[in-house]
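Structural characterization, general
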Amino acid sequence: MDYFLQAAKDPALLALAQEAEARIGQEYAQIENIKAANQMKVLAAFRRLRVAPSHFAPSYGYGYDDPGREKLEALFAEVFGAQDALVRPGLASGTHALACALFGMLGKGDELLFATGTPYDTLHSVIGSESEPYTLKGMGITYKEIPIKDGNTDLAALAEALKSAPRVVMLQRSRGYATRNSLTIADIEKIAELVKRQSPQSILFVDNCYGEFTDAKEPCEVGADIMAGSLIKNPGGGLAPTGGYIAGRPDLIERISYRMTSPGIGREVGSYAAGYLPYFQGLYLAPHVVAESLKGAVFTASVLDLAGFAPSPRYNEKRGCIIQAVNMENENQLCAFCRAVQAWSPVDSFARPEPAPMPGYEDPVIMAAGAFIQGSSIELSADAPLRPPYTLFIQGGLVCEQVKAAVLAALHECGHS
Ligand SMILES: *Cc1c(COP(=O)(O)O)cnc(C)c1O
């Protein structure tokens, strides 16, 4: 590991890194297995659907019969084991894709049951309040959530809540920026069985952000009716420049497509003048890139643990998403860590992150990201609100060497060796 000396600076820290690396062989082997399964699934889909250079071409105007767009959607559906998919540069973010699906599936008087605790921050304003007419609650949709129990989904409480036969039961696969565990595919399968048994009419919807390709199956392959995510996270492979996807049951996809564009028009329009090449290439590379970020996260957990921190998840825990959390000792350490991550980025390495107020947060937030694609969190980034217990969230990494260098440099800056 001598090539990391420039980042670690200190031979003692390098020895710690070596020890951290030596004990994660089994985790790396598991990641390689999942990667191989996913990579073969993706390659098989490209071959079966006869992807050709003509599909990468740009389109203009309405984009009727756009061959690139149609092929890309068929490809995502195939890879995700879903019957149908919408994959669009015009879905501006993961939140937009999730909101589009929710507004497409829910109507006045319906109930939305969120089964995995409090949703991801950006969904709070989608759920909204009765006094905001453009939100779910404002449109007369009832919202309930089931608190997390000991880090996991409370299945007994879920079984009870299913008695009201909610129109949509929603799960969040990733831990997000919370302290709960991520859902594994086995967890999702178990929840899907429960929902289908107790309330067969309910639609099971999964927020799949940060979860794609972390396991050999996706939620729609184990009973989810529909799922959505961001293309500047896992499935864009670091190359997709923007966009979101929604995949699942054709009847639901049709309804959602009328919300996405317009009733009557649905999925038939949508051009992309920049061309689809990065989407095809990104999906092709995604299993590999997700494996790189998982390797980076496992190493991070291993070395932070040896350095005396208590990372979550631990290096040998099963992961259902790419997020790694760790509590720092104080504000200074938090900032020093983020600055080292920034300094070891390929882009904006010279920038110095400063804590700043952020809309939606009560405390100042510090963020490190030196990404090719602005806001892309399949590229390495680290962020934290400045408040006890000083939890830092680290995610992504197109190449795991960058993650290792950044974390070693960060540990050095934090005064650990
Ligand atoms: C990132 C994320 C979102 C929102 O995605 P954006 O692209 O940031 O809007 C929603 N849910 C989870 C779990 C996420 O990780």
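Before going further, it helps to spend a moment on the overall build of the chain. Helix and strand content of the chain: twelve helices and eleven strands. The C-alpha radius of gyration computed for the chain amounts to 21 Å, which stays within 12% of the reference 22 Å derived for 417 residues, consistent with globular compactness. Burial statistics for the chain: of 417 residues in total, 56% are counted as buried. The long-range fraction of contacts in the chain, counting pairs at least 24 apart against all pairs at least 6 apart in sequence, stands at 69%. Element-wise, carbon and sulfur atoms account for 53% of the exposed surface of the chain, whose accessible area totals about 17100 Å². One finds the centroid of the 36 positive side-chain charges in the chain at a distance of 5 Å from the centroid of its 46 negative side-chain charges.

A few words now on unusual backbone geometry. Geometrically, the link from Ser-312 to Pro-313 is a cis peptide bond, its omega value of 0° lying close to zero. Mapped onto the elements, Pro-313 comes out in the loop between α10 (277–306) and β8 (324–327). Cis rather than trans, the peptide bond between Pro-388 and Pro-389 has omega equal to 5°. Its identity is not glycine, yet Arg-50 carries a phi of approximately 55°, on the positive side. One can find Arg-50 in the loop between α3 (25–48) and α4 (67–79). One non-glycine residue, Tyr-210, adopts positive backbone phi at about 75°.

Moving on, we come to the side chain of Glu-27. Among the secondary structure elements, Glu-27 is positioned in helix α3. The side chain of Glu-27 is buried and forms no salt bridge, while Arg-23, the nearest opposite charge, is found at 7.6 Å. Sequence-distant contacts of Glu-27, that is, excluding residues within four places in its chain, are made with Val-298, Tyr-315 and Asn-316.

Moving on, we get to a nonpolar patch on the surface. A contiguous nonpolar patch, built from Leu-239, Tyr-284 and Leu-285 and spanning about 230 Å² of accessible area, is present on the exposed surface. For Leu-285, a relative accessible area of 32% puts it in the partly exposed group.

For the rest of this paragraph, the subject is the sheet that holds strand β2 (residues 111–114). Think of a sheet as strands paired side by side through backbone hydrogen bonds, with each pair either parallel or antiparallel. Spatially, the seven strands line up as an open sheet ordered β1-β7-β6-β5-β4-β2-β3, and their pairing is mixed. The sheet terminates laterally at β1 (84–88) and β3 (142–145), the two strands that pair on one side only. Neighbour to neighbour, the strand axes of the sheet diverge by 15° on average, direction disregarded. Relative to strand β5 (residues 203–207), strand β4 (residues 168–172) runs parallel, the two sharing five bridges. Note that in β5 the partner of Val-169 across the bridge is Leu-204. Across the sheet, α4 touches β1 and β7 (244–248), and the angle it forms with β1 is around 130°. The strands touched by helix α8 (residues 185–198) within the sheet are β4 and β5, with β5 carrying the most contacts at an inclination of about 155°.

As for its placement among the helices and strands, Leu-155 is situated in helix α7 (residues 155–161). For Leu-155, a relative accessible area of 31% gives the class partly exposed. A C-alpha to C-alpha distance of 7.5 Å links Leu-155 and Ile-191, two positions 36 residues apart in sequence. Sequence-distant contacts of Leu-155, defined by excluding residues within four places in its chain, comprise Lys-190, Ile-191 and Leu-194.

Turning next to the site of the ligand. Near the ligand you find Ser-93, Gly-94, Thr-95, Leu-98, Tyr-120, Thr-122, Gln-172, Asp-207, Cys-209, Tyr-210, Ser-230 and Lys-233, and these make up its full shell. The contact in question runs from an oxygen atom of the ligand to an N or O atom on the backbone of Gly-94, over 2.7 Å. Asp-207 places a polar side-chain atom, nitrogen or oxygen, 2.6 Å from a nitrogen atom of the ligand. Taken by itself the ligand offers 380 Å² of open surface, and the protein chains cover 89% of this. The greatest single-element share of the shell around the ligand, amounting to three residues, is contributed by helix α5 (residues 94–105). Split by residue class, the shell around the ligand holds four nonpolar, six polar and two charged.

Turning our attention to the packing of aromatic side chains. For the structure shown, the criterion picks out 14 aromatic pairs. With a centroid separation of 5.1 Å and an interplanar angle of 70°, the aromatic rings of Tyr-177 and Phe-393 are classed as edge-to-face. With Tyr-177 in the loop between β4 and α8 and Phe-393 in strand β11 (residues 391–395), the pair connects residues that are 216 residues apart, well separated along the chain. The partly exposed category is assigned to Tyr-177, whose relative accessible area is 24%. Assessed through its relative accessible area of 7%, Phe-393 is described here as buried. One aromatic cluster is present, formed by Phe-46, Phe-56, Phe-280 and Tyr-284 through successive ring pairs. Just above the ring of Phe-299 sits the side chain of Lys-404; from NZ or CZ to the centre is 5.5 Å.

Looking now at the pairing of strand β6 (residues 226–230). With five of five residues buried, β6 lies mostly within the body of the structure. Judged by which residues are buried, β6 turns out to be covered on both faces: Ile-226, Ala-228 and Ser-230 on one side and Met-227 and Gly-229 on the other are all buried. Where β5 and β6 come together, three bridges link them in parallel fashion. Residue pairing in the sheet places Phe-205 in a bridge with Ile-226 of β6.

So, about the side chain of Arg-319. As for its placement among the helices and strands, Arg-319 is situated in the loop between α10 and β8. Among buried charged residues, Arg-319 stands out as having no salt bridge; its nearest opposite-charge side chain is Glu-317, 6.9 Å away. A distance of 3.4 Å separates the side chain of Arg-319 from the backbone oxygen of Arg-314, its partner in a polar contact. Engagement of the side chain of Arg-319 in a polar contact is seen with the side chain of Gln-324, the distance being 2.9 Å. Residues contacting Arg-319, with those up to four places away along its chain left out, are Ser-182, Thr-214, Leu-294, Ala-297, Val-298, Ala-301, Pro-313, Arg-314 and Gln-324.

Criteria and cut-off values
- Residues numbered from 1 in each chain as written.
- Predicted model: local features only at pLDDT ≥ 70, side-chain atom pairs only at ≥ 80, totals over all residues.
- Heavy atoms only, no water.
- Helix = DSSP H or I, 4+ residues; strand = E, 2+ residues; numbered from the N terminus.
- Rg over C-alpha atoms; globule rule 2.2 N^0.38 Å.
- Buried < 20%, exposed > 50% of the residue type's maximum accessible area, 1.4 Å probe, protein only.
- Contact = heavy atoms within 4.5 Å.
- Areas by Shrake-Rupley, 256 points an atom, 1.4 Å probe, with all protein chains shown as cover.
- Lys, Arg positive; Asp, Glu negative; His and termini not counted.
- Charge placed at Lys NZ, Arg CZ, Asp CG, Glu CD.
- Salt bridge = Lys/Arg side-chain N within 4 Å of Asp/Glu carboxyl O.
- Patch = residues over 30% accessible without salt bridge, like charges linked within 9 Å, V, L, I, M, F, W, Y side chains within 5 Å.
- Pairing = 2+ DSSP bridges.
- Axes fitted to C-alpha atoms, helices over the stretch in contact; angles between N-to-C directions.
- Near = heavy atom within 4 Å.
- Polar contact = N/O pair within 3.5 Å; in protein donor to acceptor, adjacent residues only side chain to side chain.
- Nonpolar A, V, L, I, M, F, W, Y, C, P; charged D, E, K, R; others polar.
- Phe/Tyr/Trp six-rings, centres within 6.5 Å; stacked < 30°, edge-to-face > 60°.
- Lys NZ or Arg CZ within 6 Å of the ring centre and 35° of its normal.

The values are spatial; any link to function lies outside them.
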